[in-house]
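# Fold and contact review
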Amino acid sequence: MADAETAWNDLRAFFGAEHVRAGNEEDAVDGFIPHMVVEPANAEEIAHALKIATDAGLRVIPRGGGTKMNWGNPLRHNGRSGELILSTRRLNRVIEHAWGDMTATVEAGCTFQRLQQTLAEHGQRLALDPLWSEQATIGGILATNDSGPLRIRFGSLRDLIIGITLALPDGTLAKSGGKVVKNVAGYDLPKLATGSLGTLGIITRAIFRLHPIPRETRTLSFASSAGLVSGSESLQNLVLAIQDCNMVPTGVQIRAAGSSTENDLHEVDVRFEGTNAGCDAQIEQTLGMASGARRIEVPADVWNARSTLWSGVEQSAICKFSLLPTDAGGFLTLLKQISQSQGLRWRLVAQAVGVGHLRLEGSDNAALISALEDLRKRLEARGGSLVILRCPLETKSKMDVWGSAGDALPLMNSVKARFDPTGTLNPGRFIGGI
Amino acid sequence: MEARILDQFRAIVGRGLITETSQLHTYECDGLTNFRVLPQAVLLPTSTAEVQAIVQICHREKIPFVARGSGTGLSGGALPVDKGIVISLARMNRILEVDLPNARVVAEPGVINADVTLRVAPHGYFYAPDPSSQSVCSIGGNVAENSGGAHCLKYGFTTTHVLALEVVLPDGSIVDLGSRAIDRPGYDLPGIFVGSEGTLGIATKVVLRIVKKPAVIQTLLAAFNTTEEAGGAVSGIIGAGMLPAAIEMMDNLAIQAAEASVHAGYPNCGGLLLVELDGPAAEVAHLIEEVSAICTQCGAWEIRVAQSEAERAVVWKGRKAAFAAMGRISPNYIVQDGVIPRTALPRVLSEMERMSAAAGLRVANVFHAGDGNLHPLVLYDGRIAGQEERAIELSIDILRLCVQCGGSITGEHGVGEEKKMMMGEMFAEPDLATMQLVRCAFDPEQLSNPGKVFPRTRLCAERTGPYQPHPLEVAGVAQFF
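Every chain's residues receive numbers from 1 upward, in the order its sequence appears when written. Written order decides the labels, with chains lettered from A and ligands numbered from 1. Per-residue local features of the predicted model are confined to residues with pLDDT of at least 70, and side-chain atom pairs are confined, for both listing and counting, to 80 or more; whole-chain, interface and lining totals are unaffected and use all residues.

Quick look at the overall build of chain A now. Scanning chain A for helices and strands turns up 13 helices and 19 strands. Radius of gyration here is computed from C-alpha atoms only, and the compact-globule reference equals 2.2 Å multiplied by the residue count raised to the power 0.38. For chain A, whose C-alpha radius of gyration is 23 Å, the value lies close to the compact-globule estimate of 22 Å for 434 residues. Around each residue's C-beta, the other C-beta atoms within 10 Å are counted; 20 or more make the residue buried, 12 or fewer make it exposed, and counts in between make it partly exposed. All C-beta atoms are placed from the backbone. The proportion of buried residues among the 434 residues of chain A is 57%. Contact definition: two residues whose C-beta atoms, as placed from backbone geometry, lie within 7 Å. For chain A, the proportion of contacts with a sequence separation of at least 24, taken over those separated by at least 6, is 70%. Under the scheme used here, helices are H or I runs from DSSP no shorter than 4 residues and strands are E runs no shorter than 2 residues, and both carry numbers assigned from the N terminus.

A separate point is the overall build of chain B. Summing up its helical and strand segments, chain B has 17 helices and 18 strands in all. Against the 2.2 N^0.38 benchmark of 23 Å for 481 residues, chain B shows a C-alpha radius of gyration of 23 Å, consistent with a compact globule. Once the C-alpha set of chain B is aligned to its principal axes, its extents read approximately 70 × 60 × 45 Å. Relative to its full complement of 481 residues, chain B shows a buried share of 58%.

Residues and elements named next belong to chain A. Each domain's extent is set by a domain assignment, obtained either automatically or from a database. Entries for chain A in the domain assignment read domain 1 (4–89), domain 2 (94–212) and domain 3 (216–398). Look at where the C-alpha atoms of domain 1 and domain 2 centre, and you get two points 23 Å apart. Taken together, the 18 residues of domain 1 in the interface contact 22 residues of domain 2. Considering each element in turn, the side of domain 1 that touches domain 2 owes the most residues, 8 residues, to helix 2 (residues 43–55).

A few words now on unusual backbone geometry. All names here are of chain B. Phi is positive for N146, which is not a glycine, with a value near 55°. Among the structural elements, N146 can be located in the loop between helix 5 (139–145) and helix 6 (152–155). Positive phi is not limited to glycine here, since Q446 has a value of about 55°. You can see Q446 is positioned in the loop between helix 16 (429–442) and helix 17 (471–474). What makes Q446 partly exposed here is the crowd of 18 C-beta atoms within 10 Å.

Before going further, it helps to examine the interface of chain B and chain A. Counting from both sides, the interface comprises 76 residues of chain B and, opposite them, 75 residues of chain A. Secondary structure elements with two or more residues in the side of chain B that touches chain A: strand 9 (174–178), helix 7 (189–193), helix 8 (227–239), helix 10 (281–297), helix 15 (423–426) and helix 16 of chain B. With 9 residues, helix 16 of chain B is the largest single contributor of residues to the side of chain B that touches chain A.

Right, let's talk about the nonpolar core for a bit. A set of buried residues drawn from Ala, Val, Leu, Ile, Met, Phe, Trp, Tyr and Cys, joined through C-beta atoms within 7 Å, is what defines a nonpolar core. A:A206, B:A233, B:L272, B:L273 and B:V378 are the most contacted members of the largest nonpolar core, which has 280 residues in total. A per-element tally of this core places helix 16 of chain B first, with 8 residues. Apart from residues lying up to four places away in sequence, B:L272 is in contact with B:L221, B:A223, B:M249, B:M250, B:I255, B:Y266 and B:P267.

Residues and elements named next belong to chain B. Spatially, 7 strands are ordered 15-12-14-13-17-18-16 in an open sheet, and the strand pairing comes out antiparallel. A strand with exactly one partner marks an edge of an open sheet, and here the two such strands are strand 15 (302–305) and strand 16 (332–335). Going from strand to strand, the sheet's axes swing by 15° on average, the running direction of each strand aside. With 2 bridges joining them, strand 13 (residues 246–251) and strand 17 (residues 362–368) adopt antiparallel strand pairing. Across the sheet, residue M249 finds its bridge partner in strand 17, namely F367. The strands touched by helix 11 (residues 309–320) within the sheet are strand 12 (216–224), strand 13 and strand 14 (271–279), with strand 12 carrying the most contacts at an inclination of about 55°. Note on geometry: axes are lines fitted to C-alpha atoms, helical ones only across the stretch in contact, with angles between N-to-C directions running from 0 to 180 degrees. Its contacts with the sheet place helix 14 (residues 387–404) against strand 16 and strand 18 (373–380), and it is angled at close to 165° to strand 18. Two strands pair under a simple rule: DSSP has to find at least two bridges between them.

Many structure descriptions define interface size as the accessible area lost when the parts assemble. Residues and elements named next belong to chain B. Split by domain assignment, chain B resolves into domain 1 (3–88), domain 2 (95–212) and domain 3 (217–404). Each of domain 1 and domain 2 has a C-alpha centre, and the two are 22 Å apart. In this assembly, 14 residues from domain 1 lie in contact with 21 residues from domain 2. Of all the secondary structure elements, the ones that give two or more residues to the side of domain 1 that touches domain 2 are helix 3 (48–61) and strand 3 (65–68). With 6 residues, the single largest contributor to the side of domain 1 that touches domain 2 is helix 3. Gly is placed with the polar residues, together with every amino acid not listed as nonpolar (Ala, Val, Leu, Ile, Met, Phe, Trp, Tyr, Cys and Pro) or charged (Asp, Glu, Lys and Arg). Grouping the amino acids of the side of domain 1 that touches domain 2 by side-chain chemistry returns 5 nonpolar, 9 polar and no charged.

Our next topic: the sheet that holds strand 5 (residues 94–98) of chain A. All names here are of chain A. Judged by pairing direction, the sheet is antiparallel, and its 5 strands sit side by side in the order 5-6-10-8-9 without closing on themselves. Looking at which strands have only one partner, the edges of the open sheet turn out to be strand 5 and strand 9 (173–177). Here the average twist between neighbouring strands, direction ignored, is 10°. Here 4 bridges tie strand 5 to strand 6 (residues 103–107), and the two strands are oriented antiparallel to one another. Bridge pairing in strand 6 places A98 opposite T103.

Another aspect to go through is the packing of helix 1 (residues 4–15) of chain A against helix 2 of chain A. Residues and elements named next belong to chain A. Taken N-terminus to C-terminus, the directions of helix 1 and helix 2 make an angle of 160°; their axes are 9 Å apart at the nearest point. Put simply, helix 1 runs roughly antiparallel to helix 2. Helix 1 and helix 2 meet at a crossing whose hand is right-handed. Two secondary-structure elements touch here, helix 1 through A7, D10, L11, F14 and F15 and helix 2 through E45, H48, A49, I52 and A53. Its residues assigned to classes, the contact of helix 1 with helix 2 comprises 7 nonpolar, 1 polar and 2 charged. Any angle that is under 35 degrees is reported as roughly parallel, and any over 145 degrees as roughly antiparallel; angles of 65 to 115 degrees are reported as roughly perpendicular and all others as oblique. By definition, turning the near helix anticlockwise from the far helix through less than a right angle yields a left-handed crossing, and turning it clockwise yields a right-handed one.

The next thing to look at is the packing of helix 13 (residues 409–419) of chain A against helix 16 of chain B. Two elements in contact, helix 13 of chain A and helix 16 of chain B, have axes whose closest approach is 9 Å; the angle formed by their N-to-C orientations is 140°. Taken together, helix 13 of chain A and helix 16 of chain B sit at an angle that is classed as oblique. Of the two elements, helix 13 of chain A crosses helix 16 of chain B, and the hand of that crossing is right-handed. Residues A:L411, A:S414, A:V415, A:R418 and A:F419 of helix 13 of chain A touch helix 16 of chain B, and the partners they reach there are B:L437, B:V438, B:C440, B:A441 and B:F442. For the contact of helix 13 of chain A with helix 16 of chain B, the residue count by class is 8 nonpolar, 1 polar and 1 charged.

To continue, consider the pairing of strand 8 (residues 161–167) of chain A. All names here are of chain A. By the criterion of burial, strand 8 is predominantly enclosed, with 7 of the 7 residues buried. Sheet topology places strand 8 next to strand 10 (residues 202–209); 6 bridges connect them, and they run antiparallel. When the bridges of strand 10 are listed, I164 appears paired with A206. Judged from the 5 bridges that link them, strand 8 and strand 9 form a sheet pairing that is antiparallel. Within strand 9, the residue paired with I164 across the bridge is S176. Connecting the antiparallel pair strand 8 and strand 9 is a turn made up of 5 residues, with G171 showing a positive phi of about 95°.

With that out of the way, let us pick up the pairing of strand 12 (residues 216–224) of chain A. Residues and elements named next belong to chain A. Both strand 12 and strand 14 (residues 265–274) contribute to a ladder of 8 bridges, which runs antiparallel. Looking at the pairing, A223 lines up with E267 of strand 14. Bridge count for strand 12 against strand 15 (residues 293–296) is 4 bridges, and the pairing is antiparallel. Across the sheet, the residue bridging to S221 is I296, located in strand 15.

On to helix 13 of chain A. For helix 13 of chain A, the full list of buried residues reads A:L411, A:M412, A:V415, A:K416, A:R418 and A:F419. Each buried residue of helix 13 of chain A sits inside an arc of 165° when the element is viewed along its axis, so together they form one side. Of the surrounding secondary structure, the elements contacted by the buried residues of helix 13 of chain A are strand 9, helix 7 and helix 16 of chain B. Arc definition: it is the arc formed by the directions from the helix axis to the C-beta atoms.

Attention shifts here to the environment of B:L277. All names here are of chain B. Examined against the element boundaries, L277 turns out to sit in strand 14. Classification of L277 as buried rests on a count of 27 C-beta atoms within 10 Å. Counting along the chain gives 56 residues from L277 to L221, while the straight-line C-alpha distance between them is 12 Å.

On to the confidence of the model for chain B. Do not read the predicted coordinates in detail wherever pLDDT is low. Per-residue pLDDT for chain B averages 92, and the proportion of residues at 70 or more is 96%. Confidence estimates for the predicted assembly give a pTM of 0.95 and an ipTM of 0.96. Known as pLDDT, the predictor's confidence for each residue is given on a scale from 0 to 100.

A few words now on the environment of A:R215. In this fold, A:R215 is placed in the loop between strand 11 (211–212) and strand 12. A tally of 15 C-beta atoms within 10 Å means that A:R215 is categorised as partly exposed. Taking the C-alpha atoms as reference points, A:R215 and A:G274, separated by 59 residues in sequence, lie 5.6 Å from one another. Setting aside residues no more than four positions away along its own chain, A:R215 makes contact with A:G274, A:T275 and B:G241.

Structure follows, in structure tokens:
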């Protein structure tokens with residue numbers, strides 16, 4: 001039975017009072033202040049803290065940099081258990097950079113930026129561009145499966161991670177994968193943990209395959225020329241054409257915005273990396289293909305454009321969507337229709353591979369919900385998805401954050417039940433209420 | 001097997017039921033011929049519905065089953081299980097859908113790997129995972145083993161190119177894992193299914209990602225006096241920040257065999273490097289010069305760049321035929337599939353030389369130098385008493401060495417039956433127990449390819465938790481293998 005007091009005493013006895021404290025407003029998750037916060041020093045301590053929490057019937061919320069704590073279903077107050085935030089803040093080391101083998105081993109609480117800076121010392125990088133890299137930690141980035149424009153060339157986290165250590169609720173520390181890129185021994189737990197929102201175990205360590213830092217990087221940006229509808233179409237065609245030819249862009253990004261009152265915005269960015277000669281040739285080829293579009297100056301920090309969706313004071317919902325590349329045009333059209341009929345403003349930043357982020361703004365909560373549900377229905381009908389990342393709590397409590405898991409939900413429940421039989425980790429916050 | 005069960009099977013697959021012993025022998029092993037088990041029956045379904053019906057019977061009657069593609073696997077993954085049946089997917093060999101604008105192909109599991117590329121090649125696309133057996137191996141088998149191939153350094157493995165799967169679970173239910181769009185929310189079930197070696201169910205449809213063919217492919221051969229020098233060139237290439245599409249290495253023994261077999265015209269040298277670069281023309285032209293320069297600096301005494309598609313094919317012919325070519329220089333061989341960090345290559349090669357001399361057996365080496373995947377071919381003569389045992393022991397010692405260097409016991413062939421006892425060298429008990437939680441979630445009754453991959457099957461009702469060693473283990477009297 002839930003015994004927060006015993007857990008508190010056990011934790012303080014083991015970790016010392018300076019690493020166990022009561023939760024406060026800054027620790028709130030969806031407005032909910034957890035009982036306590038623990039900061040273990042290493043993986044073994046994380047596992048031990050988890051075990052204490054599980055035995056005491058507490059619910060555990062893993063936390064790295066705290067940049068995405070409100071992603072997922074809200075933590076529902078059930079009056080029975082206490083909550084414990086288990087922080088990986090002190091697990092912040094880059095354990096090893098085997099640059100000759102192009103791999104790196106890093107603790108889950110290390111920030112992305114710190115990892116990249118370390119890897120840059122030998123001219124290498126983790127070929128990923130997550131949100132809020134100065135603050136976001138490896139563990140949190142993995143748990144939320146965050147990725148950016150680079151994935152068109154390098155894949156997402158599932159293609160970059162080669163090993164993982166997980167702390168399970170019963171105190172087990174389990175390794176899977178290894179330090180070599182090519183490895184098919186055993187099941188691919190690193191993939192299972194990626195995007196699992198900490199519901200199967202707490203990631204304490206990850207091993208990644210690396211890539212060289214490119215010698216040159218060049219970006220082109222285009223806007224639709226006069227005549228919005230046809231201009232938009234030619235931009236869409238450009239995006240598809242770039243993917244169909246045999247160039248190797250490391251970013252193909254679409255930025256668009258609209259409202260019922262203002263003209264729409266529709267811009268495309270393309271990035272190439274490599275040798276000077278290689279970049280030059282591809283730039284030229286792209287310009288040759290882009291005759292239906294208007295070349296514009298590349299906006300500052302354009303490859304981090306999606307983070308701007310989180311700024312703004314109006315009531316808004318921010319979501320991540322996925323779709324087939326050829327459905328992008330249709331999605332934009334639908335978005336315009338829905339936002340006009342509901343009186344909403346919208347802004348999106350999407351990657352041509354078929355994933356993007358959308359911000360919907362409007363003071364009418366019901367309109368927001370209706371629009372999101374319409375969009376999700378259409379996306380899911382064509383094999384895509386829509387996941388709400390941030391919205392007013394009122395909206396979150398009336399909507400399913402994740403969307404449909406399809407007929408695989410019972411199987412996902414079985415997996416969860418095996419890894420976390422007591423429902424300790426982030427209970428209720430994942431897809432299907434897992 | 002009881003007649004009434006066979007009748008039920010016959011009602012599903014009709015003439016696709018094999019029970020005649022002489023015909024069953026065809027299915028008693030896969031590419032690993034040392035292990036043979038006669039199945040009770042072999043079934044060849046032609047549709048998902050038939051696969052489901054078969055598995056439902058197996059579930060009801062507690063009959064273990066082993067799915068089989070083309071049977072080319074090298075670790076005994078398709079080895080039948082005692083008292084079980086084999087479900088061959090060979091007849092489910094249609095490409096169902098080709099969606100070029102979205103670069104996706106939907107294939108049944110029995111489709112031959114190379115046929116996917118064949119189908120999309122006219123449009124300038126290819127299916128990237130290219131195991132050397134690609135002209136015969138199946139997509140379903142590739143999924144089970146997470147097959148790689150020479151080009152996975154740059155292009156990744158099967159799991160990189162599988163977006164979704166229709167799976168018949170061991171309880172007979174059908175589920176759709178993943179989606180055609182990327183990043184389906186929820187657990188990455190395709191990710192855990194690919195590479196699970198048939199232990200989690202049977203894939204009946206696979207959504208594959210295809211890739212645009214690069215503008216230009218350039219293949220270079222470099223001859224060195226020793227494999228150490230060749231290894232130095234590899235380090236140089238990586239150190240210069242390049243990522244070739246493939247880097248392969250062969251030692252002299254492997255070259256001799258390949259020459260005797262396919263006459264690729266390789267230079268007779270101590271260490272041969274095969275480097276392939278692909279991408280935009282300007283990029284490749286620049287990089288191939290750099291690679292040549294690095295090879296020369298590291299001691300290459302001959303460098304050839306393939307001048308045409310035909311020449312490129314010949315260059316690869318030797319490498320891809322390497323295993324089969326061993327038959328020219330030895331009556332028998334055991335091939336292993338260890339992986340090591342690239343930087344450990346010199347140490348491992350010299351250690352292997354010492355070990356092979358001590359065992360009195362020759363070892364030929366073919367090596368995916370780019371990603372550290374070693375294929376030592378331990379050559380022996382099975383007719384000479386004791387040689388087979390020594391060969392097996394040597395191949396296991398080589399794997400042990402790989403693990404000691406921070407590597408893996410298998411880079412692409414899978415654990416299967418052959419290497420399950422070595423899983424304990426790579427993973428501790430808690431690691432194996434945790435992996436088996438997945439097994440229990442998908443297949444609590446242990447019907448799907450049971451006994452493979454894990455050395456000690458965990459009963460699904462067993463308690464999880466940190467491993468509690470037996471008092472005898474603690475006392476050092478007994479040991480778990």
